[in-house]
Every structure is written in C-alpha cells, then in structure tokens.
Amino acid sequence: MPEGHTLHRLAALHQRRFAGDRVRVSSPQGRFTEGAARVDGQVLVAARAHGKHLFHDYDSGLTVHVHLGLYGTFTEQPLPMAEPVGQVRMRLVGAATPYGTDLRGPTACEVLTEAEVDTLLARLGADPLDPEADPGRAGARIRRSRRPIGALLMDQSVVAGVGNVYRAEVLFRHGISPFRPGTGVDAAEWDALWADLVELMPVGVATGRMHVVRPEHDHGAPSYAADRPRTYVYRRQGEPCRVCATPVSHAVLEGRNLFWCPTCQPG
C-alpha cells in the first residue's frame, strides 16, 4: 500500500497540473459516474493530502476523496489522451494544462461535502508531512496503550501516513522493539521517532523513493528489489543485519508483515 509520501507527491503534482483549471471529470468504468457529474466542469481549487488520503477541492465546496488502497494508481498522459484502457474509475482532464490523468483500482473514490471531509480528517492522526501537525496527541495515545508500538505506528488514527516500510525502518533506527507496548515508549523516545519521520518522509516526497539507511550503513547486500534503495530490515528476513549481522526476523503483527533485528531492537 502506498505510504503517505506517495499521496503528498501526487497532491503536489495535481496541484501543479490542475489547480485553478476548469477540469472535465468522467468515469469511463462507470462506477464513479454520479460523483464525476457532481464536479465535472468545475474549477479544481487545490489538491492536498493527509496521510494516505488525497483530496481534490472544487470551487463548489465539494471535494473528491481518493484512497488508493493496495491497488490504486494514477497514470498521467499528455493530451489528447488515448481511449481508456482497463478499469478507469476516474479520468481528469485539464483545459489549460496539456495533461490528463486516469485513476484505476482505488479503495475509495467519492465526493464529499466540507463537513464530511472534516469528519474524515478528525478520525486521522497527525501527519509527519504536515508542518502544522501536533505530535503531542499521538504521543499521549501511544503512552496510554498496551498495544505494541509496531501496531500503533500503523494505526492511521494515531499517526497518518506511516506504512510498513517507515514503521519497520524508523523503529530500527531508534533501537525500539516493535513489540514494546506503547506504555513503554517514553516521551523522549516518541519525540525522537516523530522527528525522524519528519526528516525522512519529505525525502520520499522529493524523490519518490524511501531513503532510510544512514550513509555509513549504505553498503553490502543489495536492496530487496532492484529499483528500491537499501533498507535496514524491511523485507530482509533471514539476511544479516547491516549493523550487527544478526539475521533479520519476520512475524505477522495485526495482519501485516513485520521485520526487525532481535539484537539491535531488543525486548
């Protein structure tokens, strides 16, 4: 599933392409026909993201909300766009920009009112990519919870935008076991985790790639995929830790794959 930096990167792209433009919105697939008709021909005022959610705000006060989920993707084309191929949920075509974009396979693609957007945002935690985010509420929730910190970091109502890679890597970088209960993470440790996310995630926005390995450790075994930067533990089960050479461990925590080093992250 795309992590928060991907959605912020998409929001920035759509802001450059379509903000201030009167756009045409359609649903070649047919599953978003009614929603598309509600915003078709309106001015797209802004594109923004919070966590793993993308929002297109229109001058009517309506917003198109997109959650990509596991399979959702946007693909951009120069105009004139080719005939839709596959299950295109939403097609967005600008008037003043020479680009259009197709959305396929999202978990959610819906039109919301301002009040409905506010309700959705109220359910989400602080986003490390939001310069005005207050991590204090997330820290307080974590310290009250007996759930493992590895689960809490993935809970979008606690921290918005962190996914499996950032979860695994930031915990490794701070030597914290993913199984440690939230009550065992003190305020200083949470502040350090948050500060690291605030530093790491904008790199993903800027480059489209998650760079999480410190320069002094960025050598040795290749990454888990040819087109990805190295990771410390993510998808490296059984391979030697880049710091201590202990085999990286793997488990399933609350339905998601979990990776950690038993030596560097004891407990």
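Rules used throughout
- Residue positions within a chain follow its written sequence, with the count starting from 1.
- At least 70 in pLDDT is required for a residue's local features to be given in this predicted model, at least 80 for side-chain atom pairs to be given and counted, and no such filter applies to totals for whole chains, interfaces and linings, which use all residues.
- Note that the side-chain values use all heavy atoms of the structure and ignore hydrogens as well as water.
- A cavity here means a set of 1 Å grid points, computed over protein atoms only, where a 1.4 Å probe fits but cannot escape. A pocket is an open set with protein on both sides within 12 Å along at least 5 of 7 lines, and lining residues have an atom within 4 Å of a point.
- Grid points are joined across faces, edges and corners, and a volume is the space filled by probe spheres set on the points.
- Here a strand is any run of E in DSSP of at least two residues, a helix any run of H or I of at least four, and the numbering for each starts at the N terminus.
- Three categories are distinguished: nonpolar for Ala, Val, Leu, Ile, Met, Phe, Trp, Tyr, Cys and Pro, charged for Asp, Glu, Lys and Arg, and polar for the others, with Gly belonging to the last.
- UniProt positions are given in the numbering used here, feature names are shortened, and annotations may be inferred rather than shown by experiment.
- To form a nonpolar core, buried Ala, Val, Leu, Ile, Met, Phe, Trp, Tyr and Cys residues must be joined to one another through side-chain atoms within 4.5 Å.
- The buried label goes to any residue with under 20% of its type's maximum accessible area, the exposed label to any with over 50%, and the partly exposed label to all in between, with areas taken from a 1.4 Å probe on protein chains only.
- Contact between two residues is taken to exist if any of their heavy atoms lie within 4.5 Å; hydrogens are not considered.
- Take the residue count of a helix, subtract one, and multiply by 1.5 Å to get its expected span.
- Nitrogen and oxygen atoms within 3.5 Å of one another constitute a polar contact, given that in protein one can donate a hydrogen and the other can accept it, and given that sequence-neighbouring residues count only through two side-chain atoms.

1. With respect to the layout of surface pockets
Taken as a whole, the largest pocket spans an internal volume of roughly 530 Å³. Elements with a minimum of two residues in the lining of the largest pocket: helix 1 (4-18), helix 6 (164-173) and strand 11 (256-260). Each residue belonging to the lining of the largest pocket can be placed in one class, and the counts come to 10 nonpolar, six polar and seven charged.

2. Structural notes on the UniProt feature "domain: Formamidopyrimidine-DNA glycosylase catalytic" (unreviewed entry) in the protein chain
Per the UniProt record, "domain: Formamidopyrimidine-DNA glycosylase catalytic" (unreviewed entry) is annotated on residues 1-94. Taken end to end, residues 1-94 is 23% helix and 38% strand, and its two terminal C-alpha atoms sit 28 Å from one another.

3. Structural notes on the nonpolar core
Of all hydrophobic cores here, the largest spans 34 residues; its most connected members are I149, L153, V159, Y166, W190 and V233. At the level of elements, helix 4 (135-144), helix 5 (149-152), helix 6 and helix 7 (187-207) are the ones that each hand at least two residues to this core. Contact partners of W190, with chain neighbours within four places excluded, come to P135, A138, G139, I142, R143, L153, V159 and V185. L7, V25, L103 and V111 belong to the second largest nonpolar core, which has 23 residues in total.

4. Digging into helix 7
Along its 21 residues, helix 7 runs 31 Å from first to last C-alpha, staying within 8% of the 30 Å computed at 1.5 Å per residue. For helix 7, the complete set of buried residues consists of W190, L193, W194, D196, L197, L200, M201 and G204. The distance from a side-chain oxygen at the start of helix 7 to the backbone nitrogen of A188 is 3.1 Å, and the residue carrying that oxygen is D186. Phi turns positive one or two residues past the end of helix 7, at G208, with a value near 80 degrees.

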